[in-house]
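The residues making up each chain are set out below.
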Amino acid sequence: MSATVLSVFIPTFFVVSITPGMCMTLALSLGISIGVRRTLWMMVGELAGVALVATLSAVGVATLMIERPQLFLLLKYGGGAYLMYLGIQLWLSRGKLAFAELDNSRQSSSRFSLISQGFVTAIANPKGWAFFIALLPPFIDYATPVAPQLLALISLILLLEFACLLIYASGGRTLRQVLLQRGKVQLLNRIAGLMMIGVALWLAFG
């Protein structure tokens, strides 16, 4: 791929990734509630979802998905309901952290739950599909082998997305530390809970 293409592609998709959206809000909320290390599991699922959406967008399958919005309903409402439940759980927690460190017997379940949250949030947003349909294909030269180009572009997208997720989760962790030092655990839980509920409503009804 030419340096000219990359010089346009990288800043374009960095702006796309860093702009606040459902996934970045979720990363910020989890950074507040469980810290950056455990939020990495959500990022695994989110990046897998982004890779799937980007790949399908490049090959044209996403066009069908956009034209048939009913295919999104189960993911949208199911994922939104689950995130709503987590947000309410956070809001109702008072003098203690809602998501304390889990013991080893529940760690695998927790990881699966976080991966699922990230994956569903990434793939259940029709606007995300439309965005990739509009932006990704113009950077692909279909007169030459597509697979190597697609692999390179998606790898760059995932690196940019991961960096932005880390920025948001780290911001949440910083807020978490400040509030914990001041004994504002209930406020901490309510901020994270409101963000989670906002993501849920955005996912289900946006």
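Residues numbered from 1 in each chain as written. Predicted model: local features only at pLDDT ≥ 70, side-chain atom pairs only at ≥ 80, totals over all residues. Heavy atoms only, no water.

Caption draft 1: Molecular detail of a nonpolar patch on the surface. On the surface, Ile88, Trp91, Leu92 and Leu194 cluster together to form a nonpolar patch covering roughly 390 Å² of accessible area. Counting residues per element, the nonpolar patch draws most heavily on helix α5 (residues 70-92), at 3 residues. Inspection of the secondary structure assignment puts Trp91 in helix α5. (Patch = residues over 30% accessible without salt bridge, like charges linked within 9 Å, V, L, I, M, F, W, Y side chains within 5 Å. Areas by Shrake-Rupley, 256 points an atom, 1.4 Å probe, with all protein chains shown as cover. Salt bridge = Lys/Arg side-chain N within 4 Å of Asp/Glu carboxyl O. Helix = DSSP H or I, 4+ residues; strand = E, 2+ residues; numbered from the N terminus.)

Caption draft 2: Structural detail: the packing of aromatic side chains. Applying the stated criterion to the full structure yields 4 aromatic pairs. Consider the rings of Phe9 and Phe13, whose centres lie 4.5 Å apart with planes at 35°: the pair is tilted. With a gap of 4 residues between them, Phe9 and Phe13 both fall in helix α1 (residues 3-18), about one helical turn apart. For the pair Phe9 and Phe13, a shared accessibility class is recorded, and that class is buried. Pairing Phe13 with Phe132 gives two aromatic rings, centres 6.2 Å apart and planes at 25°, and the pair type is stacked. In this pair, Phe13 is assigned in helix α1 and Phe132 in helix α7 (residues 126-135), connecting sequence segments 119 residues apart. (Phe/Tyr/Trp six-rings, centres within 6.5 Å; stacked < 30°, edge-to-face > 60°. Buried < 20%, exposed > 50% of the residue type's maximum accessible area, 1.4 Å probe, protein only.)

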